[in-house]
Amino acid sequence: MQQKPMKLIVEGYFTLSNKVICIDDAVSNSTRKKIFGGILKENQYIHTILIGQLGKYIEDKYSSSLSMNELLDTAFEIIDKINNYISCRCVMLECRKYIPDVDDESREKLHDKYREYGFKKLQDDGELVQYFFII
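Each value, and the rule that gives it
- Residues numbered from 1 in each chain as written.
- Predicted model: local features only at pLDDT ≥ 70, side-chain atom pairs only at ≥ 80, totals over all residues.
- Heavy atoms only, no water.
- Salt bridge = Lys/Arg side-chain N within 4 Å of Asp/Glu carboxyl O.
- Helix = DSSP H or I, 4+ residues; strand = E, 2+ residues; numbered from the N terminus.
- Buried < 20%, exposed > 50% of the residue type's maximum accessible area, 1.4 Å probe, protein only.
- Lys, Arg positive; Asp, Glu negative; His and termini not counted.
- Polar contact = N/O pair within 3.5 Å; in protein donor to acceptor, adjacent residues only side chain to side chain.
- Contact = heavy atoms within 4.5 Å.
- Phe/Tyr/Trp six-rings, centres within 6.5 Å; stacked < 30°, edge-to-face > 60°.

J.: What am I meant to see in the pattern of salt bridges here?
T.: For the structure on display, the rule yields 4 salt bridges. Asp-124 is the partner of Lys-97 in a salt bridge, and the nearest nitrogen-oxygen pair spans 3.9 Å. Residue Lys-97 is located in the loop between β5 (90–96) and α3 (105–117), and its partner Asp-124 is located in strand β6 (residues 120–125); the two are separated by 27 residues in the primary sequence. Residue classification places Asp-124 among the partly exposed positions, given a relative accessible area of 40%. Asp-112 is paired through a salt bridge with Arg-115; the nearest N and O atoms lie 2.5 Å apart. Taken together, the residues span about one helical turn, with Asp-112 and Arg-115 both in helix α3 at a distance of 3 residues. By relative accessible area, which is 30% here, Asp-112 ends up partly exposed. One connected set of salt bridges, linked through shared partners, spans Lys-97, Lys-121 and Asp-124.

J.: I'm lost on the side chain of Arg-32 in this one. Help?
T.: Note that Arg-32 resides in helix α1 (residues 29–35). An unpaired buried charge is present at Arg-32: no salt bridge exists, and Asp-25, the closest side chain of opposite charge, is 4.2 Å distant. A polar contact is formed between the side chain of Arg-32 and the backbone oxygen of Asp-24, at a distance of 2.7 Å. Each residue touching Arg-32, except ones within four places of it in the same chain, is listed here: Ile-23, Asp-24, Asp-25, Val-27, Ile-39, Leu-40 and Gln-44.

J.: Would you take a moment to explain the packing of aromatic side chains for this structure?
T.: Using the criterion set out here, one finds 8 aromatic pairs in the structure. Judged by centre distance (4.8 Å) and plane angle (55°), the rings of Phe-76 and Phe-133 are tilted. With Phe-76 in helix α2 (residues 68–83) and Phe-133 in strand β7 (residues 128–134), this pair connects stretches of sequence that are 57 residues apart. The class of Phe-133 is partly exposed, set by a relative accessible area of 21%. Of the aromatic side chains, those joined through ring pairs into one cluster are Phe-76, Tyr-114, Tyr-117, Phe-119, Tyr-131 and Phe-133.

Right under this line is the structure:
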């Protein structure tokens, strides 16, 4: 008798990578000090760990109990381990800008979730908003 293949359900996912970003001149000096550890630097580039492709599995007949905070907590657990080998002060993520007349409220709620978790807006980069978190 042949067994039925098991269906795997991925409740959430993210990717981690390194990214060098250029800090825009419009970013305040106080934010620059936070990013560079209390020192104002003329160097406008910083190495970050980028949390990308952050998402949850959504399907009509299956609802994941995984929260966005739990997903971010898991990402930060891995980042803490990475930070033991490759030191980095700043974690960032990018999110498409919320456009009130175009996007539904879920895009705005996503930005709110990131800020509630502790991410701060760094700058706009084209169609994206870049958020940072100091570790």
